[in-house]
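The lines below spell out each chain.
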Amino acid sequence: MEYAGELLWPGHLGHLAVIVSFCAALMSTLAYAHSLSGHTLTQGRWEQWGRWAFGIHSAAVVTIIATLFGIIYFHRYEYHYAWSHASKALPTHYILSAFWEGQEGSFLLWIFWHMVLGWIFLAVSGRRWEAGVMGVLSLAQLMLTSMLLGTNLVIPDLLDWHIGSSPFTLLRETLQAPIFNRPDYLQWITDGNGLNPLLQNPWMVIHPPVLFLGFASCTIPFAYAVSALWTKRYDAWVGLAQGWTLVAILTLGSGIVMGAAWAYESLNFGGYWAWDPVENASLLPWLLLVAALHGMHAYTKSQYSLRSTFILVLLGFLLVLYATFLTRSGILGESSVHSFTDLGLSGQLLIFLSAFVLLAIVLLVLRWKEIPARERNGEEAGSSREFWLFIGSMTLVISALQILFTTSIPVFNAIAGSNMAPPAEVVSYYNRWQLPIAVLILLLGTVAFELRFKKSDPRPVLQWIIQITLVAVVLTLAVAYSMGIGYWSYLLLIFAACFALVGNLTHMYRRRQKIVRQGGLTAHFGFALMMLGILVSSSRKEVVSLNLNNTPLGPNFSPAQARENVLLYENQSQSIAGYSVQYLGDSVVEPNRYYKLRFEQSDDQGKVRFSRTLYPNAQINPKMGLIASPATMHFWDHDLYMHVTQVPDPASLQATSQEYKEPVLHYLNARGDTLMLQEYLLVFEGLKTNLDSAWSAQCSGAQVAVGAPVRVQRVDTTFQLMPVYVLRNGVEFRYPDQSAEPGIRLQLQSIDPGKQQIALAVQTTPPPPRPYVVLKMLRFPWINAVWYGSFLLVLGLSMSIVHRNRQYQNERRAD
């Protein structure tokens, strides 16, 4: 059957490019493997063949990316990937997010960065390491491109294995529906599913590329280590891999921080780190590479810790692959909001991981005894910087092992068939383990800078430690008192952070003439500031949107939740956290609805001295329910963070019936008696017998003419209704009084003079729908310390990369 409107050539081109990239990666891997093994060619070298193959592979990768992006950008919904992740309403920058939202697109992102790093390596590194490093990189590309093949490997009666998932699969080949029996089905598919609403945030345009650049960068140090083990050049690789390790730490760490910023701005759990399994999976290789970097630094200065450095570098990359397996195999199930659904790639991912694990283990076992291991004497060990760098690295390893074990509980259950439960209170569980580890890292990292390599005089070091400790204790008491922190574990972390801040400042002051070489100190200072910000902002976070009037919020809120959420009607003001907050209506920028909230503070004379307008947004998604993104007011020492927790369905705000309900009889006994009617208070003001001239016609010839004035009041309005009772010639006449808004009709039904009681018949119309929002607001003290500390950490790493590059250039010139 021919299908009208289908554009098939982009899919054919893209799939052909995938096959070419896979075959070229295979050729490049084999060529570099032959070169590494010492084989020669009559004409040319195996390295040249490897470079040519890698060039063909790179051209094919660019073709795949350009083709897939074009399919998404031009909304070619005959392709399943475009239909699943894009829509016509997406702006261009979110088309990029749609590109890497799916598994295939994120694999392409990883492949792209490997390609870029491969060419950078060829441009800046000597040919001596080309075969080993590029061979490993090409092998990784081979494994990754196989994830995009989308083909079947069939051996009759033996094997039927689906390899990869192609991003160029047609929609009609993926979904089963009667519409695809029509040759004109495309005209009925007017739009795609669109990007996940939670990903429609600027951070998600840059966070995935930076994170995957970090993943890709981890490959280069691993490749250096494998090449060194293969060629038995055990020490020459360390200095070369050190710069690439810094790049991996910088990019992976930046990606993690960007993810935290996205969570803070887009998710409404009230934080930036939830110890989610996927968050943990990205943190693990970062911790191992930081430990490896310190091992490299120790080895270049003192020839210690080479074996542990090999292990840590190899584990850093292997944990990237393990993280990939966790997030893409479907094994996490519902335990992570970040994980991908299983596309049937779990077997391939396991082969990918196992191949590199096997390669690393075999090389380490074969070469272990040959790796130089310098002996330490006891006197040198305790007073040398390299010893304490090693202890600090092992502390980072312990941190990673604890995270790895807990994160891998779903894996253990799948392998052993067990039913081990993950921690119920995830955040508090991880914090209990990681807090003392953070204390040790801060203290060890600071003291190590005061020590010399190989051997230090302990007396000035102890004197310096005592001085810094005294200052840190004073700062700790000041912070604890001002923030009301009393837990001893929190006090320990505050002390360690203050110790690190003061200690690193003193080091920086001593070396003020060598600013370009202070990248390590700047990074350590930033890490300490970040830890202090994390502790204070997390432990002193408080809900400030208190429902002091106990306003009912409906069945969606438990009593505890109702106490922490505030109801605001349109144009109504309410006091929250010292601000007068007014809801001023909403506006729609599809698919989100933005709620305008004005925050004001006034002085004693009533003059407004502070005013700011925020626009938290939300949408009612048919599949996911209410999806809210917070808005934040930033101050130098805290943030006020708010998000809507309930909004009316726009359809419910349409006009309702104005017909009065059946009357309800209420008895009022005396003047001042009250009656609550919806949100209105009715106050009986007594009987009135002297009616004004407006009632003269109705009261003419009456034996009795009595009015019952009733004051109707609400927080923002007050008015009066007066139904009248007339008795004329033995006949009762009742004249009701009513208001069009809010739709109240009162009729004086009877009067009992003996009891001084009236019977009032009350009718109401359904209350007109009123736009409203239910709002939750939190205060984050010292949250900016988290972001400033992260910035300084990134800055310090960048300075270290610049310094290491200068050292490398000087070494090349010296050679």
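Residues numbered from 1 in each chain as written. Predicted model: local features only at pLDDT ≥ 70, side-chain atom pairs only at ≥ 80, totals over all residues. Heavy atoms only, no water.

1. Thoughts on the overall build of the chain
Phase 1: From N to C terminus, the chain includes 23 helices and 24 strands.
Phase 2: Expected size for 815 residues packed as a compact globule is a radius of gyration near 28 Å; at 35 Å, the chain overshoots this value by more than 25%.
Phase 3: Here the C-alpha coordinates of the chain stretch approximately 130 × 85 × 50 Å along the principal axes.
Phase 4: A burial count over the chain gives 50% of its 815 residues as buried.
Phase 5: Look at the contacts in the chain between residues 6 or more apart in sequence, and 69% of them connect residues 24 or more apart.
Phase 6: Of the charged side chains in the chain, 54 are positive and 50 negative, and the gap between their average positions amounts to 12 Å. (Helix = DSSP H or I, 4+ residues; strand = E, 2+ residues; numbered from the N terminus. Rg over C-alpha atoms; globule rule 2.2 N^0.38 Å. Buried < 20%, exposed > 50% of the residue type's maximum accessible area, 1.4 Å probe, protein only. Contact = heavy atoms within 4.5 Å. Lys, Arg positive; Asp, Glu negative; His and termini not counted. Charge placed at Lys NZ, Arg CZ, Asp CG, Glu CD.)

2. A short note on the side chain of Gln242
Phase 1: As for its position among the elements, Gln242 is in helix α10 (residues 237-266).
Phase 2: The class of Gln242 is buried, set by a relative accessible area of 11%.
Phase 3: Leave out the neighbours within four places in its chain, and Gln242 touches Leu293, Met296, His297, Thr300 and Arg804.

3. Thoughts on a positive patch on the surface
Phase 1: Side chains of Lys301, Arg511, Lys514 and Arg517 sit close together on the surface and give a patch of like positive charge.
Phase 2: In this fold, Lys514 is placed in the loop between α19 (488-510) and α20 (519-539). (Patch = residues over 30% accessible without salt bridge, like charges linked within 9 Å, V, L, I, M, F, W, Y side chains within 5 Å. Areas by Shrake-Rupley, 256 points an atom, 1.4 Å probe, with all protein chains shown as cover. Salt bridge = Lys/Arg side-chain N within 4 Å of Asp/Glu carboxyl O.)

4. As for the environment of Ser538
Phase 1: Tracing the backbone through its elements, the reader meets Ser538 in helix α20.
Phase 2: The class for Ser538 is partly exposed, based on a relative accessible area of 43%.
Phase 3: Residues Ser538 and Gly271 lie 267 residues apart in sequence; the distance between their C-alpha atoms is 7.8 Å.
Phase 4: With sequence-adjacent residues up to four places away left out, Ser538 is seen in contact with Tyr272 and Gly533.
Phase 5: Engagement of the side chain of Ser538 in a polar contact is seen with the side chain of Tyr272, the distance being 3.4 Å. (Polar contact = N/O pair within 3.5 Å; in protein donor to acceptor, adjacent residues only side chain to side chain.)

5. Brief notes about the packing of helix α2 (residues 46-73) against helix α4 (residues 92-99)
Phase 1: Contact geometry of α2 with α4 gives a least axis separation of 10 Å together with a crossing angle of 125 degrees. Between α2 and α4, the crossing angle belongs to the class labelled oblique. The crossing of α2 and α4 is right-handed. Two secondary-structure elements touch here, α2 through Ile65, Leu68, Phe69, Ile72 and Tyr73 and α4 through Thr92, Ile95, Leu96, Ala98 and Phe99.
Phase 2: Within the contact of α2 with α4, the residues separate by chemical class into nine nonpolar, one polar and no charged. (Axes fitted to C-alpha atoms, helices over the stretch in contact; angles between N-to-C directions. Parallel < 35°, antiparallel > 145°, perpendicular 65-115°, else oblique. Left-handed = near helix turned anticlockwise from the far one by under 90°. Nonpolar A, V, L, I, M, F, W, Y, C, P; charged D, E, K, R; others polar.)

6. Focus on unusual backbone geometry
Phase 1: Located in the positive-phi region is Trp275, a residue other than glycine, with phi close to 55 degrees.
Phase 2: Along the polypeptide, Trp275 turns up in the loop between α10 and α11 (277-302).
Phase 3: If you check the backbone angles, Gln303 has positive phi at about 70 degrees while not being a glycine.

7. Overview of the sheet that holds strand β21 (residues 737-739)
Phase 1: Across the sheet, which stays open at both edges, the four strands sit in the order β13-β23-β22-β21 with antiparallel pairing between neighbours. Strand pairing shows two members of the sheet lacking a second neighbour, β13 (664-668) and β21, which therefore form its edges. For this sheet the average axis-to-axis angle between neighbouring strands, irrespective of direction, equals 25 degrees.
Phase 2: Where strand β22 (residues 744-752) lies against strand β23 (residues 757-764), eight bridges are found, and the strand directions are antiparallel. When the bridges of β23 are listed, Ile744 appears paired with Thr764. (Pairing = 2+ DSSP bridges.)

8. What to know about the pairing of strand β7 (residues 592-602)
Phase 1: For strand β6 (residues 579-589) and β7, the ladder comprises eight bridges, and the chain directions are antiparallel. If you follow Gln582 over to β7, its bridge partner there is Arg598.
Phase 2: Relative to strand β8 (residues 608-614), β7 is paired through six bridges, and the arrangement is antiparallel. Bridge pairing links Phe599 to Arg612 in β8.
Phase 3: Here β7 hands over to β8 after five residues, with Gly606 in that stretch at a positive phi of 85 degrees.

9. A look at the pairing of strand β11 (residues 631-634)
Phase 1: As paired strands, β11 and strand β12 (residues 638-646) are joined by four bridges and run antiparallel to one another. By the bridge assignment for β12, Thr632 is matched with Tyr641.
Phase 2: Here β11 hands over to β12 after three residues, the two strands then running antiparallel side by side.

10. What about the packing of aromatic side chains?
Phase 1: Applying the stated criterion across every chain yields a total of 37 aromatic pairs.
Phase 2: Each ring, one from Phe317 and one from Phe356, has its centre 5.4 Å from the other, and the planes form 75 degrees; the classification is edge-to-face. With Phe317 in helix α12 (residues 306-328) and Phe356 in helix α13 (residues 346-367), the pair connects residues that are 39 residues apart, well separated along the chain. One exposure class covers both Phe317 and Phe356, and it is buried.
Phase 3: Seen in terms of ring centroids, Phe495 and Phe499 are 6.0 Å apart; in terms of plane orientation they differ by 45 degrees. Their pairing is tilted. In this pair, Phe495 and Phe499 both sit in helix α19, four residues apart, roughly one turn of the helix.
Phase 4: You can call Phe499 buried: its relative accessible area is 3%.
Phase 5: Within the aromatic cluster, the residues linked to one another by ring pairs are Trp110, Phe212, Phe215, Phe222, Phe317, Phe352 and Phe356.
Phase 6: Geometry around Phe107 places Arg328 over its ring, the cationic atom sitting 4.3 Å from the centre.
Phase 7: When the ring centre of Phe733 is taken as origin, the NZ or CZ atom of Arg728, which lies over that ring, is 4.8 Å away. (Phe/Tyr/Trp six-rings, centres within 6.5 Å; stacked < 30°, edge-to-face > 60°. Lys NZ or Arg CZ within 6 Å of the ring centre and 35° of its normal.)

11. A short note on helix α8 (residues 203-217)
In an α-helix, one full turn covers 3.6 residues, which means residues spaced three or four apart are oriented alike.
Phase 1: With 15 residues, α8 should cover 21 Å at 1.5 Å per step; its first-to-last C-alpha distance of 21 Å lies within 8% of that length.
Phase 2: A large share of α8 lies buried, amounting to 13 of its 15 residues. (Expected span 1.5 Å × (residues − 1).)

12. A few points about the pattern of salt bridges
Phase 1: Enumeration according to the criterion identifies 10 salt bridges in this entry.
Phase 2: For Asp586, the salt bridge identified is with Arg593, shortest N-O distance 3.4 Å.
Phase 3: Residue class for Arg593 comes out partly exposed when judged on its relative accessible area of 23%.

13. Examining the sheet that holds strand β16 (residues 704-707)
In a beta sheet, neighbouring strands are held together by backbone hydrogen bonds and run either parallel or antiparallel to one another.
Phase 1: Read across the open sheet, the three strands follow the order β16-β19-β20; overall the sheet is antiparallel. At either margin of the open sheet sits one strand with a lone partner, and together these are β16 and β20 (731-735). The sheet shows a mean angle of 10 degrees between the axes of neighbouring strands, taken without regard to direction.
Phase 2: Relative to strand β19 (residues 724-728), β16 is paired through four bridges, and the arrangement is antiparallel. For Gly707, the partnering residue across the bridge sits in β19 and is Val724.

14. Considerations on the environment of Leu389
Phase 1: By secondary structure assignment, the location of Leu389 is in helix α15 (residues 385-407).
Phase 2: In this view, Leu389 contacts His294, His297, Ala298, Ala448 and Phe453; residues no more than four positions away in its chain are not counted.

15. Considerations on the packing of helix α6 (residues 130-146) against helix α9 (residues 219-231)
Phase 1: Contact pair α6 / α9: the axes reach a minimum separation of 8 Å and the direction vectors enclose 125 degrees. Classified by the angle between their axes, α6 and α9 sit oblique to one another. Regarding α6 and α9, the two cross each other, and that crossing is right-handed. Residues Gly132, Val133, Val136, Leu137 and Ala140 of α6 form the contact with α9, whose participating residues are Thr219, Ile220, Phe222, Ala223, Tyr224, Val226 and Ser227.

Remember that the coordinates give geometry; whether it matters functionally is a separate question.
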